[in-house]
Amino acid sequence: MLAISIRSGWLRYAHADIVDQAIVLNSLKATKLSKEFHRPDMRSVDLSVILGVILQEALNACPDYEKEVFLSLDERWIDCQILPVDKQLKAEEQEAYIKWFMERRLGSLWPSSSLFFSQVESNASEQNWVVTSVIAKNALNLLKSFLEKAGKKPVWLEPSTLSLARVVSTEGPGVSFFKDHRSVRALFFYGGSLRAFGQPQIRDGEMSLGAITGDKDLAVSITRMVNALQPRSKMSSIDIRTVGELPGKWHDYVSLRKRHLEKINPISGFKKSRRIRLKKETDDSDFSEVAGLLLRRLP
Amino acid sequence: MMAELNLFGKSGFQDHELMSDLKEGIDSTEKAMDDLKAESQQKKETILVKEEAPEPKKVLQQTKPKKKPKAKRKRKYSGHEVFSFLLSSAIIALVLWYFVLKKSIVSTVSEYLPRSFEVHQQNSDD
């Protein structure tokens, strides 16, 4: 399989084989995209040209026999939200409500957008949580047709947040912090499901929630618990995970709580071919989305 | 259980049951590819049949030849076109005449020298 991720102006990809239900990495590469490709116009007719320039490198690095392509794209390409829906509504009513909500949110962009949604595992609360993703129809069609023309099978496409979630999902309540260039992404879990995510900030040595989508109450509770942790506190009941060296003020924040957290290397669990030679400065955590896509392939 | 979304799949609600088994997804992609291949094969066949189709027509024409109704002859050029052609050729001819022929006439005119003028005058006086 070929797993490709585009996030924060970087193209990262891996070619892997599944051998005895284990993933063997044949190649693992990262390329910084030039600035004109950071925020492409999703509804432009020229998008196919941009896609060609971006993806050709990954396709060239993949042997001809490999057909399956898995893709993970960031919020510049796919909008991803977690929305609450009244639990008492029937499935059709929930669907109608989400469509109605998204139509108002997207306004004039609604007719040219494709909407996908999936229900998050339900709990005892009165609300159901639904993961929704929106992508421009033009971008989706061009992606499919570009891969098919290149002789590949477009198997899987998802927002980068869901790829990240697969790498760190926990059964109990928990939060995972991912390095994202100069900022940090936080993913909040409960009962093995992603319930909320966003980009928190550090103010006066404490974490505060900025823009966040999903179960805010859960995110606030977890944030309070993490803030309350001290170096000599008893072991926490929540799972705290970090992926990559967190930047700036986050470094100190995490260092104070290092006794309570677990560092995750997203690609440490995979077997690597001898051909893979990563540069010394390469951060394994940058391949989190790629690792998430590879995990998707496992039964 | 993690929420899964495949944007290469169907839009709208995506069920857990469908999403949980990736193999099904791959199978459906394969099926779609097979369908596409079958469809393109079918199209090719229909095109071939269409190409072969004239033969029975020819047979029919041989058994019962039909006279085609004579189509009305259409004039190649309209009057307006003929008139504009004639006018333009006349203008071209005039221009040619002005620059070529008229110039040659002027060039044949000779000038009398003053002496020859005096001789001419004397002859006329006589």
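All of the points below concern the structure found in this document.

**Let's talk about helix α3 (residues 137–149) of chain A**
- Between its first and last C-alpha atoms α3(A) spans 18 Å; for 13 residues at 1.5 Å apiece the expected length is 18 Å, and the two agree.
- Here the buried face of α3(A) lies against α1 (47–60), β4 (68–73), β6 (113–119), β7 (127–136) and β8 (153–159) of chain A.

**Some remarks on the environment of T213(A)**
All names here are of chain A.
- Here T213 is to be found in strand β14 (residues 212–214).
- Note on T213: relative accessible area 11%, which makes it buried.
- Those residues in contact with T213 that sit more than four places away from it in its chain are C80, Q81, I82, R195, A196 and F197.

**Regarding the layout of surface pockets**
All names here are of chain A.
- One number sums up the size of the largest pocket: a volume of about 620 Å³.
- Forming the boundary of the largest pocket are 27 residues, of which K29, A30, L278, T282 and F287 lie nearest the centre.
- If one sorts the elements of the lining of the largest pocket by residue count, strand β3 (residues 22–32) sits on top with 5 residues.
- Of the residues contributing to the lining of the largest pocket, the split by class is 9 nonpolar, 6 polar and 12 charged.

**So, the interface of chain B and chain A**
- Facing the 22 residues of chain B at the interface are 40 residues of chain A.
- Taking both sides of the interface into account, the surface hidden between chain B and chain A amounts to around 2,800 Å²; carbon and sulfur atoms contribute 64%.
- The largest per-residue losses of area from chain B upon contact with chain A belong to L7(B), F8(B) and F13(B), which jointly make up 31% of the total buried on that side.
- Summed over the shared surface of chain B and chain A, the number is 2 salt bridges.
- Between E4(B) and R166(A) there is a salt bridge; the shortest N-O distance is 2.6 Å.
- Summed over the shared surface of chain B and chain A, the result is 9 residue pairs in polar contact (both at pLDDT 80 or more).
- Within the residue set of the side of chain B that touches chain A, elements represented by two or more residues are β1 (12–13), α1 (16–20) and α2 (22–52) of chain B.
- Per-element tally for the side of chain B that touches chain A: the top contributor is α2(B), with 5 residues.
- Residues belonging to the side of chain B that touches chain A are distributed by class as follows: 11 nonpolar, 8 polar and 3 charged.
- Sheet topology places β6(A) next to β1(B); 2 bridges connect them, and they run parallel. Across the sheet, F117(A) pairs through a bridge with F13(B), a residue of β1(B).

**Digging into the pairing of strand β11 (residues 193–198) of chain A**
All names here are of chain A.
- With 6 of 6 residues buried, β11 lies mostly within the body of the structure.
- What sits between the antiparallel neighbours strand β10 (residues 183–190) and β11 is a turn of 2 residues, in which G191 has the positive phi angle 60°.
- Summarising the sheet, β11 and β14 pair through 3 bridges and their orientation is antiparallel. Counted as the bridge partner of G198 is I212 from β14.

**Examining the pairing of β7(A)**
Residues and elements named next belong to chain A.
- Counting buried positions over the 10 residues of β7 gives 9, a clear majority of the element.
- Taken together, the 8 bridges between strand β5 (residues 79–86) and β7 define a ladder with antiparallel strand orientation. Across the sheet, the residue bridging to P84 is W129, located in β7.
- Bridge count between β6 and β7: 7 bridges; the pairing is antiparallel. By the bridge assignment for β7, S114 is matched with I135.

Calculation criteria
- Residues numbered from 1 in each chain as written.
- Chains lettered and ligands numbered in written order.
- Predicted model: local features only at pLDDT ≥ 70, side-chain atom pairs only at ≥ 80, totals over all residues.
- Heavy atoms only, no water.
- Helix = DSSP H or I, 4+ residues; strand = E, 2+ residues; numbered from the N terminus.
- Expected span 1.5 Å × (residues − 1).
- Contact = heavy atoms within 4.5 Å.
- Buried < 20%, exposed > 50% of the residue type's maximum accessible area, 1.4 Å probe, protein only.
- 1 Å grid on protein atoms, 1.4 Å probe; cavity = no way out; pocket = protein on both sides within 12 Å on 5 of 7 lines; lining within 4 Å.
- Points joined across faces, edges and corners; volume = space filled by probe spheres on them.
- Nonpolar A, V, L, I, M, F, W, Y, C, P; charged D, E, K, R; others polar.
- Buried area = accessible area lost by both parts, 1.4 Å probe.
- Salt bridge = Lys/Arg side-chain N within 4 Å of Asp/Glu carboxyl O.
- Polar contact = N/O pair within 3.5 Å; in protein donor to acceptor, adjacent residues only side chain to side chain.
- Pairing = 2+ DSSP bridges.

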